[in-house]
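Remarks on the overall topology
Here are the chains, one letter per residue:
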Amino acid sequence: MSIGKPNPSSFIVLGIETSCDETGVALYDLAHGLLAHELFSQVDMHRVYGGVVPELASRDHVRRVVPLTRAVLQAAGITLQELAGIAYTAGPGLIGALLVGAGVAQGLAVGLGLPAVGVHHMEAHLLAPQLEPNPPAFPFLALLVSGGHTLLVDVEGLGRYRVLGESLDDAVGEAFDKTAKLLGLGYPGGPAVEALARQGDPQRFRFPRPMTDRPGLDFSFSGLKTYTATTVRAHAAEPGAGADIARAFSDAVVDTFVIKCRRALKLTGRATLVVAGGVSANRALRAGLDALGQALSVRMCYPALAFCTDNGAMVAYAGCLRLAAGARDDSAFAVRPRWSLEDLVAP
Ligand code: KG4
Ligand code: ZN
């Protein structure tokens, strides 16, 4: 899709996201914002396997990334020669998938004589709300909730991150996906569990709120998954049980985040909470956190729904900020399947 047309004062960055099962490509202009973005989701391909098959993901990124790059250039009405630099997700993620984006980005950069920069996928998620009108100002607290990560991060500025809490086992998105599987809802599970939960009776089951009865800001979702599995086995034959279980699971997740975010906001004194990553699309979670924000007079900021899950726009944006500040990475092999946000530095 096309969003605008640049002018000569532009600093336009091509962003490429290939860390998992979505090929995302976008153009972000420091002067004029997001120019164009395209996404190809591989979910239909992985659905039959019940989850992402890494080798198939890599091969499909190879197929999609160049056509999507052409599409964003055409949508924005610009040529490769008008780019100021190229950004790609360098990690964390599936190594083969990451290498596709890194290889294409570095190849283009060498061919065009442009700088390239590798972007941290969770930094890109964290910055996605900055693409919205009236974006959050630093410093803020961030809750990052995706298929691979669950993090509470104190954010002082670009590249200045302190991880206050994280999941000790499954990420929350993974817990949604596993719950969906147990309920026979298929893959990816988050949106399906959300829709079913809306029809459920909140009084029928009460699931535990993991790790909320002890101090600290870490999370754990594997016990909740086991609790869900046991409840599904015990009640599967009863009418409406699926929706009621989805509701109990969803309520437990939302309560857990509300409790931990309240704690983290009190600890840090931050006046803004940014919530990003695939699970930030969940309306029940947003409602729970919005109520917390109102109670504590804390401003809540989310990405647009299209930019909660993986996308190229957030990578183009994060890369644009870093490239404009002089950051460079000149090796396509510097991808990092595991990579802590705390390893980043301000550009
Ligand atoms: O950020 P993302 O696209 O990929 C990673 O970086 O992992 O997040 C994907 C995760 C999946 O687990 C998916 O089930 C979950 O986000 N998700 C949701 C919703 N939409 C996506 N979970 C709950 N409710 C949703 N509406
Ligand atoms: Zn992601």
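Everything below is about the structure shown above.
Keep in mind the model is a prediction, meaning the values are calculated, not measured.

Re the sheet that holds strand β6 (residues 140-145)
Strand order in the open sheet formed by five strands is β8-β7-β6-β9-β10, with mixed pairing between adjacent strands. In the strand order of this sheet, the two ends are held by β8 (160-166) and β10 (299-301), each with one partner. Averaged over all adjacent pairs, the angle separating strand axes in this sheet is 25 degrees, with direction ignored. Sheet topology note: the β6/strand β9 (residues 272-276) ladder contains four bridges and is parallel. Residue pairing across strands places leucine 144 opposite alanine 276, the latter belonging to β9. Docked against the sheet, helix α8 (residues 241-268) engages β6, β7 (150-157), β8 and β9, running at close to 155 degrees with respect to β6. Sheet contacts for helix α9 (residues 283-296): β6, β9 and β10; angle to β10, the most-contacted strand, approximately 155 degrees.

Some points on the nonpolar core
Leu27, Leu126, Leu144 and Leu341 are the most contacted members of the largest nonpolar core, which has 62 residues in total. The greatest single-element share of this core, amounting to eight residues, is contributed by helix α10 (residues 312-324). Two domains each provide a minimum of three residues to this core, namely domain 1 (12-127 + 307-343) and domain 2 (138-302). Val232, Ala243, Ile245 and Leu265 belong to the second-largest nonpolar core, a separate cluster that totals 43 residues.

The rules we used
- Residues numbered from 1 in each chain as written.
- Chains lettered and ligands numbered in written order.
- Predicted model: local features only at pLDDT ≥ 70, side-chain atom pairs only at ≥ 80, totals over all residues.
- Heavy atoms only, no water.
- Pairing = 2+ DSSP bridges.
- Helix = DSSP H or I, 4+ residues; strand = E, 2+ residues; numbered from the N terminus.
- Axes fitted to C-alpha atoms, helices over the stretch in contact; angles between N-to-C directions.
- Contact = heavy atoms within 4.5 Å.
- Core = buried A, V, L, I, M, F, W, Y, C linked by side-chain atoms within 4.5 Å.
- Buried < 20%, exposed > 50% of the residue type's maximum accessible area, 1.4 Å probe, protein only.
- Domains from an automatic or database assignment.

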